Amino acid sequence: MHQISWEDSIWFFDIDDTLITTTTSEITLLGSNAVKDMLLKQFSEKDAEKLRKDFVNIFNILLAGHRGNHTPEYQNLINKIDAYQVDIKNEFGATKRWSREIFLKIAADKNNLQIPSDLLNKTINYYWKSISENAVVLPHVKEFMDLLIKHNKRIYLVTGSDARLVLKDNNQFSYNPISSEQFKQSRLLPLKNKGIPYTFACIGDPIDKPHKVLFQKAFQMAQKDLGHKINPKSAIIVGDSYSADLATPLEQLSFGLGILYKNGLKKTEVISDNQINLGNLLDITQFLKTQ
Ligand SMILES: [Mg+2]
């Protein structure tokens, strides 16, 4: 298979479910409790609890669909999410599926409750704060990051947008890619103190994974950081989704190696000349040339 030396290697990582997890049932519960706490400023205990439950339910339907379970319920939800983004679709060419603001708005609609735009924004800020604080670094990540540092390697992150949308008076949502990105940049910073001392995070605002533009942007940021051109064959992308993380760098940008992290995979598998599947990041080292 294609061999890259430690010295030449340039590292790009997905974050969610590759380096950290934020989707355990415990973290989801804590996040939804943060939603409820903020909603209690305006809603009764009973209504806030209904909104909390529906918010979680919407998240779970979307997550299951994202993982391939395309139920009619999922398609119905996608239609509702897209219906709130007519202006965004016109301006940016696509809608944002993962906007937590829209999840909460759809939950409010279902319960015939009105939620003002500023409360919606505050509630989702508080939700993300909870998610960031409770994120769990996955096994072997710290050790692997230490190894990269030992080899004088930089850590570049490529991650999806938080899709911070704002409810407007016409009952549509608007999107400012700059403020959406700034929000995510600041909420990622604590990762540096959790054993992931990254150089930069390239975020999917306005164009998200798996579009080529986002990975090209990350590649250019890396060249700028290093002060020289990079041979794409020296670039390594690590992620937990082939279609979202690996497909574009490998198939369109000639990256040298794709590492598909599969939580729980016991035995490392060489899939092709440029793809390895593994459940322990430390296993990557055996595929790198030492000189
Ligand atoms: Mg991921």
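Residues numbered from 1 in each chain as written. Predicted model: local features only at pLDDT ≥ 70, side-chain atom pairs only at ≥ 80, totals over all residues.

Draft legend 1. Geometry of the sheet that holds strand E5 (residues 155–159). Strand order in the open sheet formed by 7 strands is E8-E5-E2-E9-E10-E12-E11, and the pairing between neighbours is mixed. Looking at strand neighbours, the two that pair on one side only are strand E8 (200–203) and strand E11 (269–272), the edges of this open sheet. The average undirected angle you get between the axes of adjacent strands in this sheet is 25°. Bridge count for strand E9 (residues 235–239) against strand E10 (residues 257–261) is 4 bridges, and the pairing is parallel. Across the sheet, the residue bridging to Val238 is Ile259, located in E10. Lying over the sheet, helix H10 (residues 242–251) contacts E9, E10 and strand E12 (275–278), oriented at roughly 170° with respect to E9. (Pairing = 2+ DSSP bridges. Helix = DSSP H or I, 4+ residues; strand = E, 2+ residues; numbered from the N terminus. Axes fitted to C-alpha atoms, helices over the stretch in contact; angles between N-to-C directions. Contact = placed C-beta atoms within 7 Å.)

Draft legend 2. Here's a closer look at the packing of helix H2 (residues 45–66) against helix H3 (residues 72–83). Orientation of H2 relative to H3, taken along the N-to-C sense of each, is 110°, at an axis distance of 9 Å. In terms of orientation, H2 and H3 fall into the roughly perpendicular class. H3 is crossed by H2, and the crossing has left-handed handedness. Seen from H2, the contacting residues are Ile58, Ile61, Leu62, Ala64 and Gly65; seen from H3, they are Glu73, Tyr74 and Leu77. (Parallel < 35°, antiparallel > 145°, perpendicular 65-115°, else oblique. Left-handed = near helix turned anticlockwise from the far one by under 90°.)

Draft legend 3. Inspection of unusual backbone geometry at higher detail. A cis amide bond, omega -5°, links Asp205 with the succeeding residue Pro206. Tracing the backbone shows Pro206 in the loop between E8 and helix H9 (212–226). Along the chain, Lys209 connects to Pro210 via a cis peptide bond; the corresponding omega equals 0°. One can find Pro210 in the loop between E8 and H9. We note that Asp17 has phi near 65°; this positive angle belongs to a residue other than glycine. Mapped onto the elements of the fold, Asp17 is located in the loop between strand E2 (10–13) and strand E3 (20–21).

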